Amino acid sequence: MDVIRTAIGLMSGTSMDGIDVALIKTDGRGFIERGPFLGVPYEADFRGRLKRALELARPLTDRNGRPAELRDIELELTQRHAIAVTAFLERFGLAADAVDVLGFHGQTVLHRPDDGLTIQIGDGEELARRTGIPVVYDMRANDMVHGGQGAPLVPAYHAALAGKFQQAGQAVCFVNIGGISNLTFIGTDGRISAFDSGPGNTLIDQWVEMQTGRTYDPGGEIAGRGKVVAALAERYLDNPFFRGNVRRSLDRGDFAPLRDGEASLEDGARTLAHVAAASIIKSASFLSETPATFIVCGGGRLNATVMAEFSAMAEALGSHVSTAEQAGFDGDAMEAEAWAYLAVRSLDGLPLTFPGTTGVTAPVSGGMLARP
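- If you look the protein up in an unreviewed UniProt entry, it shows as Anhydro-N-acetylmuramic acid kinase from Rhizobium leguminosarum.
- The Catalytic activity (unreviewed entry) field of the UniProt record for the protein holds the comment "1,6-anhydro-N-acetyl-beta-muramate + ATP + H2O = N-acetyl-D-muramate 6-phosphate + ADP + H(+)".
- Of the comments in the UniProt record for the protein, the one headed Sequence similarities (unreviewed entry) reads "Belongs to the anhydro-N-acetylmuramic acid kinase family."

### Focus: empty space enclosed by the protein
Item 1. Inspection of the entire model under this criterion finds one cavity of 30 Å³ or more.
Item 2. Around the largest cavity, the lining residues are Phe104, His105, Gln120, Asp138, Met139, Arg140 and Trp339.
Item 3. The class makeup of the residues in the lining of the largest cavity is three nonpolar, two polar and two charged.

### Quick look at the sheet that holds strand β1 (residues 5-11)
Item 1. The strand order across the open sheet formed by six strands is β3-β2-β1-β4-β7-β13, and the pairing between neighbours is mixed. Because the sheet does not close on itself, it has two edges, and the strands there are β3 (32-41) and β13 (368-370). When strand polarity is set aside, the average angle formed by the axes of neighbouring strands in this sheet is 20°.
Item 2. Note that strand β4 (residues 101-104) and strand β7 (residues 135-137) share three bridges and pair parallel. Pairing of Gly103 across the sheet is with Val136, part of β7.
Item 3. Sitting on the sheet, helix α2 (residues 68-91) is in contact with β1, β2 (18-26), β3 and β4, with an inclination near 55° to β2.
Item 4. Running over the sheet, helix α12 (residues 334-347) touches β1, β2, β3, β4, β7 and β13 and is turned about 130° from β1.

Calculation rules
Residues numbered from 1 in each chain as written. Predicted model: local features only at pLDDT ≥ 70, side-chain atom pairs only at ≥ 80, totals over all residues. Heavy atoms only, no water. UniProt positions renumbered as here; feature names shortened; annotations may be inferred. 1 Å grid on protein atoms, 1.4 Å probe; cavity = no way out; pocket = protein on both sides within 12 Å on 5 of 7 lines; lining within 4 Å. Points joined across faces, edges and corners; volume = space filled by probe spheres on them. Nonpolar A, V, L, I, M, F, W, Y, C, P; charged D, E, K, R; others polar. Pairing = 2+ DSSP bridges. Helix = DSSP H or I, 4+ residues; strand = E, 2+ residues; numbered from the N terminus. Axes fitted to C-alpha atoms, helices over the stretch in contact; angles between N-to-C directions. Contact = heavy atoms within 4.5 Å.

Structure (structure tokens):
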């Protein structure tokens, strides 16, 4: 009988807004019992430190390289994750010894799949020591060793959640609108394909922060007052990424931010919301069949302007769009839940990635295990 484990997933994504902490009980296969979730935001000073980490990582060619300043940031990031785990356990009345494993994503500071290079800072050994809980970390590297893009990794979890749609004979596409957006498609034949689909929140966040000092556009309210600047939208949507049937994973630096003065605050935000939605549709055109349903998770589902644009475009294809919550899931928790699920699969040596998700040569497991 498959062993059911209690796992906590820890995700700090490309938006760099904080740590998502989620608990599930799972056998790493078809059984998933979703538990509580906690979001732990970063304050502005530490977000600035993470942006500095991106600069420090840019010249690196060794994924284990850590200049002194980057190592300091890595230790601070790890400490914050340990504090987040403690806060989570206290909030929900859990003991550390009731948790079998932590799935630790860390913070991606460099991702160059064409060079076989991905760097996530975060010290798994230190996190295990501080929490007293075994930690599975560095889950992308083995995929790249075997010819994969190192991303996306969440599709294995999406596929496990797709059962009710499969039973209804529907093709379903999970859309995660984070800093970078990605798709997981489960066809009517059960086959999985997944890839990054384009810029999500990153460009919008960069623009709004440049213009106002705020870190994002709450609810898409700023964008809702603007108009799409067609020439700027086309500049993004003409990117070579959207041409040719070779999907690859993206880094937040692959799409340059708007330049100051290119648009008003509102028009810039609206244009980039349109780009976020249109990127998903353009990338979905490479799927083997049109999804009956798109399920949207990630922070972008809270941007009403992005969602309105995306829903209208999807409906034109005959597809229905729902948020994760409307489909019975938790859109805030899903990526952290996925990292918990992947950690359990890693413990059992089960594949984390597949040829149809990352382009890896064959299904492959991954992750490093650190014990307290």
